[in-house]
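Secondary and tertiary structure notes
If you want the building blocks of each chain, they are given just below.
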Amino acid sequence: MNKLIFNINDLALLLMIAQCSMLAFILMLSREKSGEGKGTLAALLMIFALQSLDVLIYWSVPVKTIIAEHGVWPFWLFKWAPLAQGPLLFAYVRLKLTGQALSLSDAKHALPILSYPLIVWGIAMQLGPQGMIDGVFKFGILFQSTIFDTLLWTQKISAAAYGSAAVWFMLKNYKRLEYNFSNPVSAQPLWLPIIVVGFMVLAIFHLAQGVIAFFGWIVINHFSGILSNYLNFAFVTALISYSLLKSAVVTPIPDVLVEADNKAENADVKEDFSPSEEDIQTAHNLTQLLADQQLYLNPELTLEDFSRAARLPERQVSYLLNSVLGQSFFECVNAARVARAKELLAAESWPVQRIFEESGFNSKATFNRIFKRYTHMTPSHYRKHNDKALDTA
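Residues numbered from 1 in each chain as written. Predicted model: local features only at pLDDT ≥ 70, side-chain atom pairs only at ≥ 80, totals over all residues. Heavy atoms only, no water.

Bringing the overall build of the protein into the picture now. Helix and strand counts for the protein stand at 17 helices and 0 strands. For the protein, with 393 residues in total, the buried portion stands at 43%. Accessible surface for the protein amounts to roughly 21,100 Å². Of this, 63% is attributable to carbon and sulfur atoms. (Helix = DSSP H or I, 4+ residues; strand = E, 2+ residues; numbered from the N terminus. Buried < 20%, exposed > 50% of the residue type's maximum accessible area, 1.4 Å probe, protein only. Areas by Shrake-Rupley, 256 points an atom, 1.4 Å probe, with all protein chains shown as cover.)

What follows deals with the packing of helix α11 (residues 277-292) against helix α13 (residues 314-324). Following both chains from N to C, one finds α11 and α13 inclined at 100°, their axes separated by 10 Å at the closest point. When the axes of α11 and α13 are compared, the pair comes out roughly perpendicular. On the side of α11, the interface is formed by Asp279, Ile280, Thr282, Ala283 and Leu286, while α13 contributes Val317, Tyr319, Leu320, Leu321 and Val324. Grouping the constituent residues of the contact of α11 with α13 by class yields 8 nonpolar, 1 polar and 1 charged. (Axes fitted to C-alpha atoms, helices over the stretch in contact; angles between N-to-C directions. Parallel < 35°, antiparallel > 145°, perpendicular 65-115°, else oblique. Contact = heavy atoms within 4.5 Å. Nonpolar A, V, L, I, M, F, W, Y, C, P; charged D, E, K, R; others polar.)

For the rest of this paragraph, the subject is the side chain of histidine 206. Within the secondary structure, histidine 206 is located in helix α8 (residues 191-214). Ignoring sequence-local partners within four residues, the contact set of histidine 206 consists of Lys156, Ser228 and Asn232.

Tallied over the full model, the rule gives 15 aromatic pairs. Here tyrosine 58 and phenylalanine 139 contribute two aromatic rings whose centre-to-centre distance is 5.5 Å and whose plane-to-plane angle is 70°, an arrangement assigned as edge-to-face. Of this pair, tyrosine 58 sits in helix α2 (residues 38-59) while phenylalanine 139 sits in the loop between α6 (116-137) and α7 (146-172), and the two are 81 residues apart along the sequence. Phenylalanine 139 gets classed as partly exposed once you look at its relative accessible area, which sits at 26%. Considering the side-chain rings of tryptophan 59 and phenylalanine 139, the 5.4 Å spacing of their centres and the 55° angle between planes classify their relative orientation as tilted. You can see tryptophan 59 sitting in helix α2 and its partner phenylalanine 139 sitting in the loop between α6 and α7, a full 80 residues away along the chain. (Phe/Tyr/Trp six-rings, centres within 6.5 Å; stacked < 30°, edge-to-face > 60°.)

As structure tokens, this is what we get:
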């Protein structure tokens, strides 16, 4: 009876598969809200799991020995997975920043995946039956097929191209983060940038690995292949750690938010006409809540935090701020912070650094920029102007 005996490299792949599957399962079970993209992220993680499974099937000797008894085709089941990584990443970034979900027009991004059966057929035609069998045990034989070589380069270039597009799109649409974060800087260390930057690091490494293989540096190529598995493992481990500790992916939603969201979903009132008196009053209550509880003093305040404090669903709070008050969440919170800073500048002789810290800003640069946007002068000029006004009085 054969026994599966895995080495340390195989265990890294097994852990990768388990972690991706676990987080994807959690994401699919957690309550989905519009624009969150948990389904897209779960699909991306499952693609990473399938890629790791493909590597395990080919490079783990015990697994390969068992699967080879069933023919060569199981070794080609998942080699399409890397082609799906880039498109899914870009779709997730786009959904998070613009709310644009996948549509039929996005089908063009799936063309390489849909053509995969033809690609495998072409490889089989070039290698022949015996070449396909020998390629299972001698990887170098597969490179006798120009189609296989092209497939590998397409995988690497596709990931790097889509990753670059995701970075560009995230930077271009950076201002959209103001709808959810009271400080744009607060959005930087969160889920989205972690995924995009981590993905780009992996894509660049895989490209470099392809260059190494092209020049025939066998020892370095072998080492880089093993290192690639550990980098993938570290990337997914970081995502899981973040999701469990900070992203609230598995945090239960309070009953009061569930009830409020259900009421909003069942309401007959639509968001495309003039607000009712009740909406106006609720919007006023929100600004009162922000001032009374001084929520704006939290530099990391998000729309989710504010909604929880108000015991209202996020989309209702966003609607009340944007449609009733004519302000984004970012503008509403920072208007309160600037008002607080103006009071302190007039009443206290504290240095500017303490002023912005006591007003809820998380950096001097952000404070100066936003203060000038609302008052058309710098904090220092405002203080001097106020002192002159007092002297004149």
